[in-house]
Amino acid sequence: MATIDEIAKLVGGTVIGDGKIQIKGMASFDFAEEGDVTFAFDEEGLQRAGKSKASCVFTTADVEDYPKTVLRVGDMKQALTVLYNAMLEMTPPGKGVIHPSAVIAGSAVLGENVSVGAHAVIGEEARIGDNTAVGANCVIGKNVTIGQGSFLAPNVTVYDNTVIGNKVIIHSGTVIGADGFGYVPMEGKIYKVPQMGNVVIEDEVEIGANSCMDRGTFATTVIGRGTKIDNLVQVAHNVKLGRNVLIAAQTGIAGSATVGDNVMMGGQVGVSDHVSIGNNVKVGAKTGVTSRVGDDKVLFGYPYREASEARKLHGLLSLLLRNASKIKVLLRELPGE
Amino acid sequence: MATIDEIAKLVGGTVIGDGKIQIKGMASFDFAEEGDVTFAFDEEGLQRAGKSKASCVFTTADVEDYPKTVLRVGDMKQALTVLYNAMLEMTPPGKGVIHPSAVIAGSAVLGENVSVGAHAVIGEEARIGDNTAVGANCVIGKNVTIGQGSFLAPNVTVYDNTVIGNKVIIHSGTVIGADGFGYVPMEGKIYKVPQMGNVVIEDEVEIGANSCMDRGTFATTVIGRGTKIDNLVQVAHNVKLGRNVLIAAQTGIAGSATVGDNVMMGGQVGVSDHVSIGNNVKVGAKTGVTSRVGDDKVLFGYPYREASEARKLHGLLSLLLRNASKIKVLLRELPGE
Amino acid sequence: MATIDEIAKLVGGTVIGDGKIQIKGMASFDFAEEGDVTFAFDEEGLQRAGKSKASCVFTTADVEDYPKTVLRVGDMKQALTVLYNAMLEMTPPGKGVIHPSAVIAGSAVLGENVSVGAHAVIGEEARIGDNTAVGANCVIGKNVTIGQGSFLAPNVTVYDNTVIGNKVIIHSGTVIGADGFGYVPMEGKIYKVPQMGNVVIEDEVEIGANSCMDRGTFATTVIGRGTKIDNLVQVAHNVKLGRNVLIAAQTGIAGSATVGDNVMMGGQVGVSDHVSIGNNVKVGAKTGVTSRVGDDKVLFGYPYREASEARKLHGLLSLLLRNASKIKVLLRELPGE
């Protein structure tokens, strides 16, 4: 709970109206309730927000005679982001509600204010930190550790021995710690290599929906602190992702690859197994990274090139295409070998 | 329930045998029960269908002395499709069976003949329309609306505030309304942008298994009426998909992109964020659409070109490859800059 | 249970210490318990394994005065793989533990030692073979058959009529038997083609997490014996995969494609619908296979070429790029058409 005046101090901006009103949440005007901040990006939004149940409207516009208290801000997205993150600190996901249909092993240890949704299953010796929420139908394996203030949406699966840090967010359908893809052919048959390591997800990581982080073969797959991973992403066994890495949807990182800090990857990128990528690298969408990459590179294409080279190649191919007839004549006339 | 004679009128075709038999379903001969229509594409199929429990066999073949009533049709796939869709009208998914293990919030409102599978979880203020079925282990969030005659297979997750229309089909593992991938870097840290919008899925949409439709950031992600989406597809926050769009497996549409009506996309296509695609566009498999596309285009490749150009480029590259030795000599002999 | 001496005979290697100790499992030193084999790949590993609860340490190193019994082996990965597979034979996944919260249809038939996890749902007429384990929150449809000694991790969904063989492993989030992506446009509308076939998964198949194997339209989708499939892989309706096929993550096989025996596919590969691929073919990551491929080929790129040609093309493009200025001048000077 904070007043609009206090929020104005936090996010910057000018209060127009009653700044003493207490705020407890934030929501789009369609879903807002009393005590919520909402927002209006345009005139229509202002009208709809004005008729909503919200108690305060963020806007960049100049308003007069408005039915609700307004907080005029310079940058809506930033103001809402600052407010959201501050609220998350004050009201973490866990509320201390354990649904009676959840199946929690006797040896599991739950901290204070842990919430567990309906039909969730928590395995032997699992440890779940204070203020963490485990969604409905999640399955948490044996000896899993989850830190404080983390949030697992419904239908997340976490295999045995996984370690998840503080303030981690994992969306529905994501699978943490499944066996990596490892086989050895012997005597005309394909044998499964045991996958005996685990996954460690450091603090403040967010992972989207239906992604997969495989357990290490003999060691640990690591997702570094502050890294954010989108939906349908594959992180294979033994991968080490650095800190503050951003990985867009449907990207795949093959086994034992390492990725430095602050790397940004577009969607549908592929990184080959055992490849090492330095810090601050940017990888364009659909790029395939097949060999070692140093720091600060910008990559594009498959096989990949530096982005500036890839752009030149694209221009050159367009030039060749426009001159295709000339080139055919030229090649016909050139002496053979 | 309809007689074979009535079905013949509906789908076209000639009845050979007793047309008065009542039909109540359809199934492959291996799984057919009494009262089912089955089908035979070849001689072996005819023999197996003849020995099955089915009550009627669709075939294009000329049969005599056959142990079952036959409906001879011109186009099997079309005849079965017409019958299937007619049956779906008569026998919608919901049968009015609520499994006692389902957890349904007190404030949720279920229409007539709604079915809810074992261990499904339905949140506060959810509204589920007549004749809709929610599969086992589904999790339906708070304030979700689902229309009439829709079908959610087991293990579907629907986040809060999602709106799903009538006659929608969603397959297992699909996640509707997870947070979009939005962050802003401030002071050396990556902050999560709140994802406060929702997802609207219009009538007669089908979504395959393990796909993801993210909620809007501040507004709504829209899947237009009649659109069909395959497995493992990513639809990011704020995307607007038109009507009757077909999207094959593993395609990803990045944030805030808009796609017109009747667009067809192959598998593993990528569409960049904020890109607009017109109506009736065809996008070949694995194509990357990185900039605005007008109506009626056919695209291929990455970076994408019109398909005819992409084909020419492929031919030209093959020509260059065949003449690689000549080209090497030529380039060596050309005067430098 | 076997002694270390017996294990040494099985996997090869020299016992240093007490070979009479009974072994019952294997685990990484961080998670090992008494009676487990663990392993050490380096000096640090040896120290940590020495302090662990494990009863035996596999290593390639020469050790003296070590606190535990050591099995010195030549190839760690192979030794651990042989031991793992032998143990799997002796201690199959099913332990005969049925969680009371599981919902099992009255007409389902469970063999001996079948385990069923919490909140799993097993449909009418399902048949589950001896020693098979079905994980928590799995949903097994009507008339599904699962063989002996198979393992379904939590949150797997299996649609009606699926047939799964012996010693099959399926990881979390994977969906077997969802409807294929089939529609016919009629009178300005898109009609769903009924998907009435099923999926057959033969013995010793392993499928990773969040993958999709669609049911056949009118026939059967087949995953051949010994085939191994990674995470987030799409196998569309009517596909026939041969034996001992290896498919890496995020690859998609479109409808009605057939793949021969011993084929290896990298990650993010696409195979077009109705394409036939022969035996022993190797397909590089991100390759698109758009037409029939004979036996023993090695493919790369999109549109695909033989890998040797694709490599030459990449080299040629790099050469052209280095000579871009010369080429521009040349093309300008060449006579027009």
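(A) Local environment of the overall build of chain A. Looking only at helices and strands, one finds five helices and 39 strands in chain A. What you see for chain A is a C-alpha radius of gyration of 26 Å, clearly larger than the 20 Å of a compact globule of 337 residues, by over 25%. Overall, chain A is about 85 × 60 × 30 Å in size when its C-alpha atoms are taken along their principal axes. By residue count, 62% of the 337 residues in chain A fall in the buried class. Intrachain contacts of chain A at a sequence separation of at least 6 include 18% that bridge at least 24 residues. Of the roughly 13,000 Å² that chain A leaves accessible, carbon and sulfur atoms contribute 50%. Side-chain charges in chain A split into 31 positive and 36 negative, and the spacing between the mean points of these groups amounts to 7 Å.

(B) Structural detail: the interface of chain B and chain A. The partner chain A presents 62 residues to the 66 residues of chain B that form the contact. If you sort the residues of chain B by the area they bury against chain A, Phe 181, Met 196 and Phe 218 of chain B come out on top, with a joint share of 14%. Linking chain B to chain A there are three salt bridges. Our count for the contact surface shared by chain B and chain A stands at 28 residue pairs in polar contact (both at pLDDT 80 or more).

(C) Fine view of the domain arrangement of chain A. Taken domain by domain, chain A consists of domain 1 (2-90) and domain 2 (103-308). Here the C-alpha centroids of domain 1 of chain A and domain 2 of chain A sit 35 Å apart.

(D) Representation of the relation of the copies chain B and chain A in the model. Mapping chain B onto chain A calls for a screw motion: a turn of 120° about the axis and a shift of 0.0 Å along it, with 0.0 Å RMSD after fitting. The operation mapping one copy onto its partner corresponds to a three-fold rotation axis.

(E) Structural view of the side chain of Thr 157 of chain B. Turning to its location among the elements, Thr 157 of chain B is positioned in strand S17 (residues 157-158). Judged by relative accessible area, which is 2%, Thr 157 of chain B ranks as buried. Side-chain polar atoms of Thr 157 of chain B contact the side chain of Asn 155 of chain A, separated by 2.9 Å. Leave out the neighbours within four places in its chain, and Thr 157 of chain B touches Pro 154, Asn 155 and Ser 172 of chain A together with Val 139, Thr 174, Val 175 and Ile 176 of chain B.

(F) Representation of the interface of chain C and chain A. Facing the 62 residues of chain C at the interface are 66 residues of chain A. Interface area for chain C against chain A, summed over the two sides, is near 4,900 Å², with a carbon-plus-sulfur share of 67%. In this structure, the connection of chain C to chain A is made through three salt bridges. Between Lys 189 of chain A and Glu 204 of chain C there is a salt bridge, with its nearest N and O atoms 3.4 Å apart. Scanning the region where chain C abuts chain A turns up 28 residue pairs in polar contact (both at pLDDT 80 or more). Elements with a minimum of two residues in the side of chain C that touches chain A: helix H3 (76-90), strand S27 (228-229), strand S30 (246-247), helix H4 (307-322) and helix H5 (324-333) of chain C. Counting residues per element, the side of chain C that touches chain A draws most heavily on H3 of chain C, at seven residues. Looking at the side of chain C that touches chain A residue by residue, the classes come out as 31 nonpolar, 21 polar and ten charged.

About the cut-offs
Residues numbered from 1 in each chain as written. Chains lettered and ligands numbered in written order. Predicted model: local features only at pLDDT ≥ 70, side-chain atom pairs only at ≥ 80, totals over all residues. Heavy atoms only, no water. Helix = DSSP H or I, 4+ residues; strand = E, 2+ residues; numbered from the N terminus. Rg over C-alpha atoms; globule rule 2.2 N^0.38 Å. Buried < 20%, exposed > 50% of the residue type's maximum accessible area, 1.4 Å probe, protein only. Contact = heavy atoms within 4.5 Å. Areas by Shrake-Rupley, 256 points an atom, 1.4 Å probe, with all protein chains shown as cover. Lys, Arg positive; Asp, Glu negative; His and termini not counted. Charge placed at Lys NZ, Arg CZ, Asp CG, Glu CD. Buried area = accessible area lost by both parts, 1.4 Å probe. Salt bridge = Lys/Arg side-chain N within 4 Å of Asp/Glu carboxyl O. Polar contact = N/O pair within 3.5 Å; in protein donor to acceptor, adjacent residues only side chain to side chain. Domains from an automatic or database assignment. Least-squares fit on C-alpha atoms with pLDDT ≥ 70 in both. Nonpolar A, V, L, I, M, F, W, Y, C, P; charged D, E, K, R; others polar.

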